[in-house]
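Chain and residue survey
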Amino acid sequence: MFKLILSLVPLLLIFSLHNPKCSAQSPAPSPAPEAAPHIVPILKKAGHFNTLIRLLKKTQMDRRIYSLLNNSNQLTIFAPTDEAFHMMPTETLRSFTIQQKIQLIQFHVINSLLSFSDFQTVTNPLSTQAGDSGNYKFPMNVTMSESNQLNITTGVVNATVTGTIYSDDLLAVYQVDRVLLPMRFSVSPPPAPAPPLKPQEEVLEPSADNDKPSGAVPAIHCGFSRMSFVAISVIAVISLCV
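Here's a quick rundown of the structure. Bear in mind the structure is a predicted one, so any value in this text is a computation, not a measurement. (Residues numbered from 1 in each chain as written. Predicted model: local features only at pLDDT ≥ 70, side-chain atom pairs only at ≥ 80, totals over all residues. Heavy atoms only, no water.)

**Here we look at the sheet that holds strand E4 (residues 150–153)**
- Here six strands make up an open sheet; going across it, the order is E2-E1-E6-E5-E4-E3 and the pairing mixed. The strands lining the two open edges of the sheet, one partner per strand, are strand E2 (109–110) and strand E3 (141–144).
- Across five bridges, the pairing between strand E5 (residues 158–167) and strand E6 (residues 171–176) is antiparallel. In the strand pairing of E6, Gly163 is matched with Gln175. (Pairing = 2+ DSSP bridges. Helix = DSSP H or I, 4+ residues; strand = E, 2+ residues; numbered from the N terminus.)

**Quick word on the pairing of E5**
- The pairing of E4 with E5 spans three bridges and is classified as antiparallel. Within E5, the position partnered with Thr153 by the bridge is Asn158.
- Here E4 folds back onto E5 in antiparallel fashion, the turn holding four residues, of which Gly155 has a positive phi close to 90°.
- Between E5 and E6, which pair antiparallel and follow one another directly, the connecting turn spans three residues.

**Some details on the packing of helix H2 (residues 39–46) against helix H3 (residues 50–59)**
- Interaxial distance between H2 and H3 falls to 10 Å at its minimum, and their mutual angle equals 165°. On the basis of the axis angle, H2 is roughly antiparallel to H3. H2 and H3 meet at a crossing whose hand is left-handed. Contact with H2, carried on its side by Ile39, Val40, Leu43 and Lys44, involves Leu52, Ile53, Leu56 and Lys57 of H3 and no other residues of that element. (Axes fitted to C-alpha atoms, helices over the stretch in contact; angles between N-to-C directions. Parallel < 35°, antiparallel > 145°, perpendicular 65-115°, else oblique. Left-handed = near helix turned anticlockwise from the far one by under 90°. Contact = heavy atoms within 4.5 Å.)

The structure is reproduced here in structure tokens:
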């Protein structure tokens, strides 16, 4: 009997190992979070964006954009093609300071995710990474034509969206045929209005009465004349008597 029990032990062990209710199972690993999209590989894959890629790297704006997306910030980017950069005067881009180049890239980045249909109801001016959208700074307005052509105006250039490069839940990238130059770089604001003139102080002019001598003065002059007459008369009398 004892031998029979011992012979059954291996069978019981095999059964317990293969029985899903008896065997301990480790929980399935949770899926890794999706990495944020990176603008440079997106542009490289699309092609003909070499100038924009160099500008993104030189200003380190590619890292800033990735950081924003990695923190779940939604963005829309307008990407000028190499041909769009070639349409600019040769020295224009070279003349920009590094700060202006950063602002130029920021001006192409919208602070929200916009699908193509969203542009029909969006409120102008758009809010960009460049900041103030007031006149003579960084205004950008978009309009949708009847033929569903998306047009962009900055007050300096008029551009057209010519295609969608990339789109997901965080990022939308649209191809544009012109570099979007802000007014801040090209148009000087009008001079500030001159301050209002202060009211002139009234100058008090002497009245006609002030030009006349006071009553005491004539009395003095009059008294002085009488005394002189008396003195002259006395001297004349004495002279005659002598």
